Amino acid sequence: MPDETQRIETSRGPARVDLDHPAGEPLSLLVLGHGAGGDTDAPDLVAVTGATQDAGVLVARVTQPYRVAGRRAPAPAGHLDEAWTTVLRHLRERFRPGVPLVVGGRSSGARVACRTAVTLGADAVLALAFPLHPPGRPERSRADELATGLPTLVVNGDRDPFGLPAASGTVRVEVRPGERHDLRRDPAGTAAVVLGWLRAYGWAR
């Protein structure tokens, strides 16, 4: 159970934010979004939340309005970005501006974070199971969404049918052996990779 749950009104309906507070002042704020038909209780999101909270990170898991309303079919990309931006601005107003902001999520949530990171003034991006292309359609690459110019960690399985992005520039790619798109084989291992990356920047203990 999260430490705190908020409903935040957006132009696309209410979003839900589950907050997990660290002991003491946070070293960073990590905001995570869910996959297209999923929720914020996905194994990788839960594992990352637990590991980073224990290391001094304030974690906010955001449920998009369409999921709050009980729908599984995702909203259009523009609607997702709009609702996410409203939630992030609310969180930035609530928590002191000097705290480093890392935006991210899994699959669709990672894409939303990438598309909005620069506008929101984020310090970095975390992309779990980034869907490089639709299964069987490598010509429809979304690699350009990762090109934010910000430090970016991509964690993908080597058996993910949505593809495996290539590292480039500020984008670091960690490949999880034996994992598919759900990253549920070893969530603790995935969380350890994320925590190590955050620690390298001083954003976690």
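Residues numbered from 1 in each chain as written. Predicted model: local features only at pLDDT ≥ 70, side-chain atom pairs only at ≥ 80, totals over all residues. Heavy atoms only, no water.

## Looking at the overall build of the protein chain
Here comes step 1: Summing up its helical and strand segments, the protein chain has five helices and eight strands in all.
Here comes step 2: Over its C-alpha trace the protein chain gives a radius of gyration of 15 Å, about what one expects of a compact globule, namely 17 Å for 205 residues.
Here comes step 3: Each principal axis of the C-alpha atoms in the protein chain carries an extent, and together these give about 40 × 35 × 30 Å.
Here comes step 4: Contacts in the protein chain between residues at least 24 apart in sequence constitute 62% of all its contacts with a sequence separation of at least 6. (Helix = DSSP H or I, 4+ residues; strand = E, 2+ residues; numbered from the N terminus. Rg over C-alpha atoms; globule rule 2.2 N^0.38 Å. Contact = heavy atoms within 4.5 Å.)

## Some points on empty space enclosed by the protein
Here comes step 1: Applying the stated criterion to the full structure yields one cavity of 30 Å³ or more.
Here comes step 2: Here the largest cavity is characterised by a volume of approximately 80 Å³.
Here comes step 3: Together, Gly 33, His 34, Gly 35, Val 62, Gln 64, Tyr 66, Leu 80, Trp 84, Ser 108, Gly 109 and Val 112 line the largest cavity.
Here comes step 4: When contributions to the lining of the largest cavity are tallied by element, the ones reaching two or more residues are helix H3 (77-94) and helix H4 (108-116).
Here comes step 5: Here the element with the most residues in the lining of the largest cavity is H4; it accounts for three residues.
Here comes step 6: Here the lining of the largest cavity is composed, by residue class, of five nonpolar, six polar and no charged. (1 Å grid on protein atoms, 1.4 Å probe; cavity = no way out; pocket = protein on both sides within 12 Å on 5 of 7 lines; lining within 4 Å. Points joined across faces, edges and corners; volume = space filled by probe spheres on them. Nonpolar A, V, L, I, M, F, W, Y, C, P; charged D, E, K, R; others polar.)

## Notes on the packing of aromatic side chains
Here comes step 1: For the structure on display, the rule yields three aromatic pairs.
Here comes step 2: On the basis of an interplanar angle of 75° and a centroid distance of 5.9 Å, the ring pair of Trp 197 and Tyr 201 is categorised as edge-to-face.
Here comes step 3: Since its relative accessible area comes to 42%, Tyr 201 is described here as partly exposed.
Here comes step 4: A ring pair is formed by Tyr 201 and Trp 203, whose centres lie 4.6 Å apart and whose planes are at 10°; its orientation type is stacked. (Phe/Tyr/Trp six-rings, centres within 6.5 Å; stacked < 30°, edge-to-face > 60°. Buried < 20%, exposed > 50% of the residue type's maximum accessible area, 1.4 Å probe, protein only.)

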